[in-house]
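Structural features, examined
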Amino acid sequence: MATCPPVGSRSTATSENRRALKVLRTRGELRSALAAVERPLGLVPTMGWLHEGHRSLMSRARADNATAIATIFVNPRQFNEAADYQRYPRNEGRDLAICEEEGLDLVFAPGVEEVYPPGFDTVVSVGAIARPLEGAARPGHFDGVATVVAILFSLVRAERAYFGQKDAQQVMVIRQMARDLAIPTEVIACPTVRELDGLALSSRNVHLSPDQRAAAPVLRRALLAGRDRWAAGERSADALREAMRAELANEPLAAPHYVSVADGSTLAELKGVEGPALLSLAVRFGETRLIDNEPIG
Ligand code: AMP
């Protein structure tokens, strides 16, 4: 099992403002705990194996709201391959210590049957925004994401929910889902937290070998190469894709999956970049697939 960074190395919640963390396992426990909390309530959905990216969402939820809750649930429905679900890293004890350090009030950490009780038979399937990029690369992935987030939003009924811009398409899918299903929770996107060498923090980074880890910042370099070309006045999307591909080609361990220059609102692939756009990449390093993105315009 891979090692993870120490808990307790830093703290945003001081001993005075830190409250006792309540861990809830069932819908009933969650309902009772929520009945007693001060509003507004901020929600941070996660799959655990928490890192600085998750911490940044928690600290924002803590700062913006009277009460902050995280969920820790590795959602089987959003994995395309059973093996990927099985090998997803888990360490609940460490995750709960981080939630406490971040000053959260509540954590909902249910089992699979608590989220999907026997007889569960609904899929929330978002349309066009869920189809390209990660939707095309991972069939069914966003159905799984939208379904679990709809359930979590309904159970928690938070005023606000916090997501990482690192998963830019996921934020767009969840916004569309909440709007269409008339769920009043406001969806807030927070900036991507990176290692010093530019690699976006991800629970999946733990699977990288030392060589792959050393190679992985090429994602960031490729995105910056595209952004620099755009900042220098290049408006041909193909030229920007080529700049990103050329940077990736310098790294033999990197196997690009997609290199995209897409419209910032629809995620349709562009010919020319006239307004807000999203540069995004998916790259494999052995068995581990990493994604990253950079908005421009
Ligand atoms: P996950 O546990 O991977 O499902 O991620 C839970 C939330 O944390 C999602 O909203 C992610 O977008 C967000 N997140 C993951 N990595 C980062 C990061 N490096 N910076 C900011 N947010 C992140």
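These lines cover the structure that appears in this document, whether it is placed above or below.

About the criteria used
- Within each chain, residue numbers correspond to sequence positions counted from 1 in written order.
- For this predicted model, a pLDDT threshold of at least 70 governs which residues receive local features, and a threshold of 80 or more governs which side-chain atom pairs are given and counted, while totals over whole chains, interfaces and linings are taken from all residues.
- Where side-chain values are given, they derive from all heavy atoms of the structure, hydrogens and water being excluded.
- Working definition: with a 1.4 Å probe on protein chains only, accessible area under 20% of the residue-type maximum means buried, over 50% means exposed, and in between means partly exposed.
- Only runs of H or I of at least four residues qualify as helices and only runs of E of at least two qualify as strands under DSSP, and these elements are numbered from the N terminus.
- If DSSP finds at least two bridges between two strands, the strands pair.
- A right-handed crossover is one whose linking path, passing over the helix from the first strand to the second, runs clockwise when the strands point away from the viewer.
- Only heavy atoms enter the contact rule, under which two residues are in contact if any of them lie within 4.5 Å.
- When at least one non-hydrogen atom of a residue lies within 4 Å of a molecule or strand, that residue is treated as near it.
- Contacts described as polar in this section are N or O atom pairs within 3.5 Å, which, within protein, must combine one atom able to donate a hydrogen with one able to accept it, while residues neighboring in sequence count only if both atoms come from side chains.
- Note on areas: Shrake-Rupley, 1.4 Å probe, and residue coverage restricted to the protein chains presented here.
- As a working rule, the residues Ala, Val, Leu, Ile, Met, Phe, Trp, Tyr, Cys and Pro are called nonpolar, Asp, Glu, Lys and Arg charged, and the rest polar, with Gly in that last group.
- Orientation is described by axes fitted as lines to C-alpha atoms, over the contacting stretch for helices, and by angles from 0 to 180 degrees between their N-to-C directions.
- Any angle from 65 to 115 degrees is called roughly perpendicular, while one under 35 is roughly parallel, one over 145 is roughly antiparallel, and all others are oblique.
- For our purposes a nonpolar core is just a set of buried Ala, Val, Leu, Ile, Met, Phe, Trp, Tyr and Cys residues, chained together by side-chain atoms within 4.5 Å.
- By disulfide we mean two sulfur atoms from cysteines, separated by a distance within 2.5 Å.
- Expected helix span is taken as 1.5 Å per residue step, with the number of steps being one fewer than the number of residues.

Remarks on the pairing of strand S2 (residues 41-46)
- Among the 6 residues in S2, 6 count as buried, and that is most of the element.
- With 6 bridges connecting them, S2 and strand S3 (residues 67-72) associate as parallel partners. Considered in S3, the bridge of Leu41 is made with Thr67.
- Between the parallel elements S2 and S3, the chain passes through helix H2 (residues 52-64) in a crossover that is right-handed.
- The sheet contact formed by S2 and strand S5 (residues 160-164) spans 2 bridges and is parallel. Looking at S5, one finds that Leu43 is bridged to Ala161.

Points about helix H4 (residues 92-101)
- Residues of H4 that are buried: Arg94, Asp95, Leu96, Ile98, Cys99 and Glu101.
- Residues of H4 that are buried make contact with strand S1 (22-24), H2, S3 and strand S4 (106-108).
- One or two steps after H4, the chain reaches Gly103, where phi turns positive at roughly 80 degrees.

Quick word on the site of the ligand
- Taken together, 17 residues lie near the ligand, and Met47, His54, Asp167, Val193 and Leu201 sit nearest.
- Leu201 has a polar backbone atom sitting 2.9 Å from a nitrogen atom of the ligand.
- Computed on the free molecule, the ligand has an accessible area of 480 Å², of which 93% lies beneath the protein chains in the complex.
- For the shell around the ligand, the secondary structure elements donating two or more residues are S2, H2 and S5.
- For the shell around the ligand, the leading source of residues is H2, giving 3 residues.
- Classifying every residue of the shell around the ligand gives 8 nonpolar, 7 polar and 2 charged.

Observations regarding the packing of helix H1 (residues 27-35) against helix H7 (residues 141-156)
- Relative to each other, H1 and H7 sit at 45 degrees, their axes nearing to 10 Å. Taken together, the axis directions place H1 and H7 in an arrangement best described as oblique. In contact with Arg27, Leu30 and Leu34 of H1, H7 contributes Ile151, Leu155 and Val156.

Notes on the sheet that holds S5
- Strand order in the open sheet formed by 6 strands is S1-S4-S3-S2-S5-S6, with parallel pairing between adjacent strands. Of all the strands in the sheet, the pair left with one neighbour each is S1 and strand S6 (186-190). Averaged over all pairs of adjacent strands, the angle between their axes in this sheet comes to 25 degrees, without regard to strand direction.

Things to note about the nonpolar core
- Leu30, Ile69, Val149, Phe153, Phe163, Ile174 and Met177 are the most contacted members of the largest nonpolar core, which has 47 residues in total.
- For this core, the secondary structure elements donating two or more residues are H1, S2, S4, H7, S5, helix H8 (168-180), strand S7 (255-263) and strand S8 (277-285).
- Top element by residues in this core is H7. It accounts for 11 residues.
- For Leu30, the residues in contact, after removing those within four places along its chain, are Leu24, Ile69, Phe108, Leu155 and Val156.
- Leu219, Leu248, Val259 and Val283 belong to the second-largest nonpolar core, a separate cluster that totals 24 residues.

Some words on the state of the cysteines
- Within the structure shown, the criterion is met by 0 disulfides.
- Its sulfur unpaired, Cys190 is 15 Å from the next cysteine sulfur, which belongs to Cys99.

Some details on helix H10 (residues 218-231)
- The end-to-end C-alpha separation of H10 is 19 Å, in line with the 20 Å expected for 14 residues at 1.5 Å each.
- Taken as a whole, H10 has its buried residues at Val218, Leu219, Arg220, Ala222, Leu223, Ala225 and Gly226.
- Along its buried surface, H10 packs onto helix H9 (210-215), helix H11 (237-249), S8 and strand S9 (288-296).
- Positioned one or two residues after H10, Gly233 has a phi angle of 110 degrees, which is positive.

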